[in-house]
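Letter by letter, the chains look like this.
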Amino acid sequence: MEQIELNHCTSPAMANNTSVDELDSPIDRYERIGHIQEEEDDDLIDITDDDNSKSEINFRDSTQGLVEPLEDIPIDTGKYDDFHTIDWLKDIQKDRQRHKRIHRDRDKSPLNKLKAAHDAWSGWLVVFLVGVGAGTCAGIIDIGASWMTDLKLGVCPQAFYLNREQCCWAENDTDQLKFNDKGCSKWHTWAELFNILGDNAGSYIINYLFYVLWGFGLATLAVSLVRAFAPYACGSGIPEIKTILSGFIIRGYLGKWTLLIKSITMMLAVSAGLSLGKEGPLVHVACCCGNIFSYLFPKYGKNEAKKREVLSAASAAGVSVAFGAPVGGVLFSLEEVSYYFPMKTLWRSFFCALVAAFVLRTINPFGTDHLVMFYVEYDTPWFFFELVPFLLLGVFGGLYGAFFIKMNLKWCKYRKTSKLGKFPVVEVITLALITAIISYPNPYTRMSSSQLIELLFNDCGPEDNFKLCNYKHNYTLMLHTGNVAASPAGPGVYESLWLLLLALIFKGVITVFTFGIKVPAGLFIPSMAVGACAGRLLGIGMEQAVYFNNDWGIFEDLCKPSTPCVNPGLYAMVGAAAALGGVTRMTVSLVVIMFELTGGLQYIVPLMVAVMTAKWVGDAFGREGIYDGHIYLNGYPYLDSKREFVHSTIASDVMRPRRADPPLSVITQEGMTVEELENLTTESSYNAYPMVVSKESQRLSGLVQRKDLTIALANARKFQEEVVSQSQVFFSNHVPRYSLPGQPSPLKLTKILDQSPFQVTDQTPMETVVEMFRKLGLRTCLVTHNGRLLGIITKKDVLRHWAMLKNQDPDSIMFH
Amino acid sequence: MVFPTNSLIIPFIAFVGVIIVGVEAQFDDVRCKCVCPQDPANNLTRNIYIKNVIPEQCSCAHIVKREEKFCLLCECKYEIRNTTTIKVMVIFVVCLIGVLFAYMMIMMCLDYILSHRSTPHTQRLDDEGEMTPIARRRGGYFQRMESATQRWKRQVQEQKKNVFDRHAMLS
């Protein structure tokens, strides 16, 4: 923020900006006319539609009275085409002018005062609404997904809308209910519904069949809904949101239909048993809410740079509801997704995350007063020697992350380039079938990943009597001391070890193929499940090692026989954090999210150790996280602020035109006719034209956006009858007062000229140029030598140049 | 855009409301749950006790009814849930999926019929989609709805092209 302001002050054409104040009412009028002409924004145009017809009539009235043909046509549409980068500086400058206007009018009437007040608090109001929206969506999705997931196993005939846990909620005979298939008397498996009772082969087959059929059906429904209504709803959404927040336009990506379809298909995909999570897509859903609500406030809806402030806050709310971690959400927005994050946005994100968490808590989707299914509460301490296994878990997380990223990117590339990409629906259905068929026999993969994580995070007490907690407790001692002491493992634990190992391998492999299919698919939950399996395995190993080698020096002092010593649940949690850290390369936000999940501050150090190690190990194999990997794979124009530019090229190496290219198409300040300009805009496809004083001198005087020029010319043709093809166009103030007889009247278009384009000299090191693009959010930059225009550098040129230096194919940067 | 989200959702919510009023709550919304260790020595395998009591009575002494020493190892929690919320939301979701599925089917059928008919009809629809907003305003509500739907369909086509055909995004 400071930097941008600073640059404004030093900008050479500051004088130009000061005159804008006097123009406010005509600008308003013309701005609206600009909207008629341009393509409509698909997202929420209904709101802005209404004043168009009126303003057109106004305009007609006012122009018909004009005799003077030199009326300026100032048009600043502020709208960008699809797949274009935005100009942060211009947008923020525009917002400042708008703010000034409202501020100045404040004292004119009470109504204006009200308007100013509304303008002042609308920033908070919009994030409040976004928080409410995100919380509600998350509540519906949580309830729907947990219900549909259990549908694969059975139903609650007396109240079909309850999942298994809720069905047996008030039942007194709920022994070993939570983590097995039996349930209570109220809950019926599919076999029981068909009157096949007991534990026999028949009931197993029927249940297996229903499990697979439901998985197949839900996955088919999910992929066909995505295909039919909103193809943009597929995937995790975080790479695209990162790109959008860095200043890129993807129309429809955050629209109403994407929101609706993503919310619905997310539930379907998770319930189909595919190895994917709903946490990443929830961030996308929250951002859709952010985009939709920002259209209620023109301040945000019509200004792309301002809208991104709301979207930053929305992504914080998304993580806040996904993990029940409001602070973690804010940090996630800061560390992972946001590009431009001033303090104001930090506070708004904080507020937004808070509101979202509060709304979700009010809905209480799990009936446990917690926002996530796998909330755990530990109070056992950890010991210094345990840092070694935590380090090992970090190493595992880093290795798994590197493996996952490499294999997944390879597979996605294969899908992109081969025939496989032509059958997205078949791919999803096949994958769902394979997943369901392999998952069912193993109880740890049969349950949903969230349930698995909950089970693995769980601290085994003597009250738990499922297999994972089958310890030979000494009950007399326990009743005597009131403590749950470390105990030797029973056969159930050893059986679980094998099953967990199989679950770990299966989840680890199948997720590589799942992430990137054409349904909403997040990878937080599967990665966490993999890490939790590994952590639990190591935890049980440690626990038993400590129990059986109690006389060893390090164990002896710390672990008393009668007290609990090693908590395998904690290891599972650390492992989950490590695996997630290895895959996404997040650090601070991940640790905060994890400790908000546990509500125990004392586990921060283990988590930090594991996450940091995971990042180091992962970075040793490849620097980019999975989201950055997907950004590069898809060639989104994302200028990463974390990467350093280490090459020693200069601006003239990067600028267009190159040596062999035809010269730049430029506009001269005066002397070009309307027809020439029209031909220029139709023949070339550049987005902006530099303006020079004359063709001979090539001295730079400004920059004209193509879109503005097209609209201005079209409007002039339409509403000013004197303007003909041969009319001269003036971009300067040296317009002849009266046109000579026999010559067509001139057209003045000063207002569309940007007189303060960013320029660098041809010898500027690219390092500086890259920093300018990154920090200031530039869209284009002109290259001059002694004031003579040489060329132009766009954000995509920079990205292409960078890719070329890294020996990548520069054409992989899409959307030219 | 205008069509399904605005004109469908209101009757839809009313419909959901009717269903909800018709179904009566059979499940309690409060419970007191005590979790105790198993005690194989006393032949006691049961370890979860659930009762619907008032919050003040939610203690091991009231629910488990055993000696104090045993109760030290038990943990009792009073929990509240809201089955009405769950019911409303699940029914809402199911209906929404149903409506979307039906709409998808209708669209597929229409597309099939249109593609097997002569081309002028589709041509006309496309032209309508190209109308300017001002021209659209002159038409009635239905015409506007129609063109909004057409515009939306074009956007979906565009998205499909980006995602499924060109693999330019989201792969």
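Residues numbered from 1 in each chain as written. Chains lettered and ligands numbered in written order. Predicted model: local features only at pLDDT ≥ 70, side-chain atom pairs only at ≥ 80, totals over all residues. Heavy atoms only, no water.

Q: So what exactly am I meant to see when it comes to the overall build of chain A here?
A: Along the backbone of chain A there are 33 helices and twelve strands. Looking at the 816 residues of chain A, the share that counts as buried comes to 61%. In chain A, the share of contacts with a sequence separation of at least 24, taken over all contacts with a separation of at least 6, comes to 75%. Taken as a whole, chain A presents about 31,800 Å² of accessible surface, with 60% of it coming from carbon and sulfur. (Helix = DSSP H or I, 4+ residues; strand = E, 2+ residues; numbered from the N terminus. Buried < 20%, exposed > 50% of the residue type's maximum accessible area, 1.4 Å probe, protein only. Contact = heavy atoms within 4.5 Å. Areas by Shrake-Rupley, 256 points an atom, 1.4 Å probe, with all protein chains shown as cover.)

Q: Just to check I follow, could you spell out the nonpolar core for this structure?
A: Within soluble globular proteins, side chains that are nonpolar tend to cluster in buried spots. Residue and element names in this part refer to chain A. In terms of nonpolar packing, the biggest core is built from 214 residues, with F229, F457, M528 and M594 touching the most fellow members. Among the elements that take part in this core, helix α6 (residues 110-151) stands out by supplying 14 residues, more than any other. Among all residues touching F457, those that are not within four sequence positions of it are F374, V376, Y378, M528, A532, R536, G569, A572, M573, A576 and M594. In this structure, V674, L677, L713 and I752 belong to the second largest nonpolar core, which totals 19 residues. (Core = buried A, V, L, I, M, F, W, Y, C linked by side-chain atoms within 4.5 Å.)

Q: Mind showing me how you'd approach the pattern of salt bridges here?
A: Where charged atoms from two side chains of opposite charge come close, those side chains can pair. Residues and elements named next belong to chain A. Counted according to the given criterion, the structure contains 22 salt bridges over all chains. A salt bridge links R774 to E771; its shortest N-O distance comes to 2.7 Å. Taken together, the positions of R774 and E771, both in helix α32 (residues 766-776) and three residues apart, correspond to about one turn of that helix. Residue class for R774 comes out buried when judged on its relative accessible area of 11%. Taking the relative accessible area as the measure of exposure, E771 reaches 29% and is therefore partly exposed. Each of D95, R98, D119, K306 and E309 takes part in one network of salt bridges that share partners. (Salt bridge = Lys/Arg side-chain N within 4 Å of Asp/Glu carboxyl O.)

Q: Looking at this structure, how should I read the environment of L500 of chain A?
A: All names here are of chain A. As for its position among the elements, L500 is in helix α22 (residues 491-514). With a relative accessible area of 0%, L500 lands in the buried category. Expressed as a C-alpha distance, the spacing of L500 and V530, which sit 30 residues apart in the sequence, is 9.5 Å. Each residue touching L500, except ones within four places of it in the same chain, is listed here: Y444, L456, L468, C533, R536 and L537.

Q: Explain the environment of D119 of chain A to me, please; I cannot follow it from the model alone.
A: Residues and elements named next belong to chain A. Counting through the fold element by element, D119 comes out in helix α6. Relative accessible area serves as the criterion here: at 8%, D119 is assigned to the buried category. Along the primary structure D119 and L197 are separated by 78 residues, whereas in three dimensions their C-alpha atoms are 66 Å apart. Within polar-contact distance, the side chain of D119 engages the side chain of R98 at 2.8 Å. (Polar contact = N/O pair within 3.5 Å; in protein donor to acceptor, adjacent residues only side chain to side chain.)

Q: I'm lost on unusual backbone geometry in this one. Help?
A: Residue and element names in this part refer to chain A. Positive phi, normally seen in glycine, also occurs at N364, with a value near 55°. Along the chain, the position of N364 falls in the loop between α16 (343-363) and α17 (387-417). Although it is not a glycine, Q698 adopts a positive phi angle of roughly 55°. On the secondary structure map, Q698 appears in the loop between β5 (688-692) and β6 (700-705).

Q: Sorry if this is basic, but what is going on with a nonpolar patch on the surface here?
A: Taken together, the side chains of W498, L501, I505 and V509 of chain A make up a nonpolar region of the molecular surface, amounting to roughly 410 Å² of accessible area. In this structure, V509 of chain A sits in helix α22. (Patch = residues over 30% accessible without salt bridge, like charges linked within 9 Å, V, L, I, M, F, W, Y side chains within 5 Å.)

Q: So what exactly am I meant to see when it comes to the sheet that holds β6 of chain A here?
A: All names here are of chain A. The strand order β3-β5-β6-β9 describes an open sheet built from four strands, whose pairing is mixed. A strand with exactly one partner marks an edge of an open sheet, and here the two such strands are β3 (667-668) and β9 (753-754). Here helix α31 (residues 706-719) sits on the sheet and contacts β3, β5 and β6; the angle it forms with β6, its principal contact strand, is near 75°. (Pairing = 2+ DSSP bridges. Axes fitted to C-alpha atoms, helices over the stretch in contact; angles between N-to-C directions.)

Q: What exactly am I supposed to notice about the UniProt feature "transmembrane region" (unreviewed entry) in chain B here?
A: Under the present numbering, the feature "transmembrane region" (unreviewed entry) in UniProt falls on residues 6-23 and 88-114 of chain B. Between the first and last C-alpha atoms of residues 88-114 of chain B the distance is 38 Å; the span itself is 100% helix and 0% strand. (UniProt positions renumbered as here; feature names shortened; annotations may be inferred.)

Q: Looking at this model, I keep getting lost on helix α5 (residues 83-116) of chain B. Mind explaining?
A: Because an α-helix packs 3.6 residues into every turn, residues spaced three or four apart end up facing the same way. Here α5 of chain B spans 49 Å end to end across 34 residues, near enough to the 50 Å set by a 1.5 Å rise per residue. With a side-chain oxygen positioned 3.2 Å from the backbone nitrogen of T84 of chain B, the residue opening α5 of chain B is N82 of chain B. (Expected span 1.5 Å × (residues − 1).)

Q: Help me understand the state of the cysteines, please; the structure alone is not making it clear to me.
A: By definition, a disulfide links the sulfur atoms of two cysteine residues through a covalent bond. As enumerated under the stated definition, the model contains three disulfides over all chains in all. Bridging C156 of chain A to C167 of chain A, the disulfide has an S-S length of 2.0 Å. A torsion of 75° about the S-S bond marks the disulfide between C156 of chain A and C167 of chain A as right-handed. Placement of C156 of chain A in the loop between β1 (154-155) and α7 (164-167) and of C167 of chain A in helix α7 is noted, with a sequence separation of eleven residues between them. Covalently, C34 of chain B is tied to C76 of chain B through a disulfide, its sulfur atoms 1.9 Å apart. Across the disulfide from C34 of chain B to C76 of chain B, rotation about the S-S bond amounts to roughly 105°, and the bridge is consequently right-handed. In this pair, C34 of chain B is assigned in strand β1 (residues 30-35) and C76 of chain B in strand β3 (residues 75-80), connecting sequence segments 42 residues apart. Accessibility expressed as a relative area gives 0% for C34 of chain B, which makes it buried. (Disulfide = S-S within 2.5 Å.)

Q: Can you walk me through the packing of aromatic side chains in this structure?
A: The description of an aromatic ring pair uses the distance of the two centres, along with the angle that the planes make with each other. All chains considered together, the criterion is met by 35 aromatic pairs over all chains. A centroid spacing of 6.4 Å and a plane angle of 75° characterise the contact between W147 of chain A and F160 of chain A, whose relative ring orientation is edge-to-face. Here F160 of chain A lies in the loop between β1 and α7 and W147 of chain A lies in helix α6, a separation of 13 residues in the sequence. Among the aromatic residues, ring-to-ring pairing joins F396, Y400, F403, F404 and F515 of chain A into one connected group. Directly above the ring of F164 of chain B sits R227 of chain A, whose terminal nitrogen or CZ lies 5.0 Å from the centroid. Over the ring of Y440 of chain A we find R446 of chain A; its NZ or CZ atom is 4.0 Å from the centre of that ring. (Phe/Tyr/Trp six-rings, centres within 6.5 Å; stacked < 30°, edge-to-face > 60°. Lys NZ or Arg CZ within 6 Å of the ring centre and 35° of its normal.)

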